[in-house]
Amino acid sequence: MLFCKWKFGIFFLQQCTNVLAITALVTDYWGVIPSTSGNFGLFRYCDKVKECLSIPVTGDVINLLIAMFIIGIIVLLPCAIVDLRMNFGCLSCQGVLSFLMALLGFAAMTHAAVIFSSFFAEISYHYSWSFALGWLSVVLAIISGALSFYICRMDPESKGLSWETINDSIVAKVGPSSAVPAPVDI
């Protein structure tokens, strides 16, 4: 029962990661330019009278964040729901996907910082709340991935793959003489 609560917590963290990543993607407050009272996001720059101009060089960042969001919704969401309902043993898969989401988010956020520093090189600006939400989604993805691996290792009912389960399945199918020996810890 305790592990079910942890699995729900991991599921909640993964969905928070998705919400924060999509919020960071669509908002125009990645940075604020105090001298003109303007703000900018991945898609456009807006000044104080809300006249907006598009920013053409952020396509790679947008694609990385969209890939992060797609992994979170299309792959991780069904996997987490199946694991919550049936204890299917998807926690190690969820951990790998969470770390992949973190890697994509990290690449997107660092790439965005480089693009904005070159695009707004002659203007003084500072990053704003939407940029912070993007970084928070990366941190939450790392935490949910680490928790997924931890709970998969600690849960006695987990059906994740290990040398013992692989060896037991081989022994059950073909007999004890062809079993794979477990790796030896030195």
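Residues numbered from 1 in each chain as written. Predicted model: local features only at pLDDT ≥ 70, side-chain atom pairs only at ≥ 80, totals over all residues. Heavy atoms only, no water.

*Asks:* Looking at this model, I keep getting lost on a nonpolar patch on the surface. Mind explaining?
*Replies:* A surface patch of nonpolar side chains, amounting to about 380 Å² of accessible area, comprises I66, I70, I73, I74 and V75. Considering the arrangement of structural elements, one finds I73 in helix α2 (residues 59-86). (Patch = residues over 30% accessible without salt bridge, like charges linked within 9 Å, V, L, I, M, F, W, Y side chains within 5 Å. Areas by Shrake-Rupley, 256 points an atom, 1.4 Å probe, with all protein chains shown as cover. Salt bridge = Lys/Arg side-chain N within 4 Å of Asp/Glu carboxyl O. Helix = DSSP H or I, 4+ residues; strand = E, 2+ residues; numbered from the N terminus.)

*Asks:* Help me understand the nonpolar core, please; the structure alone is not making it clear to me.
*Replies:* Across soluble globular proteins, you tend to see nonpolar side chains buried next to one another. Counting residues in each nonpolar core, the largest one holds 33 residues, and the members touching the most others are W30, F40, L42, V61, L65, F116 and F120. For this core, the secondary-structure elements that each account for two or more residues are α1 (2-26), α2, α3 (91-119) and α4 (129-154). (Core = buried A, V, L, I, M, F, W, Y, C linked by side-chain atoms within 4.5 Å. Buried < 20%, exposed > 50% of the residue type's maximum accessible area, 1.4 Å probe, protein only.)

*Asks:* I keep staring at unusual backbone geometry and nothing clicks. Help me out?
*Replies:* As a rule of thumb, non-glycine residues mostly have phi less than zero, and peptide bonds are mostly trans rather than cis. Positioned with a positive phi, S37 is a non-glycine residue whose angle comes to about 55°. Summarising the element assignment, S37 is placed in the loop between β1 (31-33) and β2 (38-40).

*Asks:* Even after reading the chapter, I still don't get the environment of W135, so can you show me in this structure?
*Replies:* On the secondary structure map, W135 appears in helix α4. In this structure W135 comes out as partly exposed when scored by relative accessible area, which is 27%. C-alpha separation for the pair W135 and F106, spaced 29 residues apart in sequence, amounts to 7.5 Å. Setting aside residues no more than four positions away along its own chain, W135 makes contact with F106, M109 and T110. (Contact = heavy atoms within 4.5 Å.)

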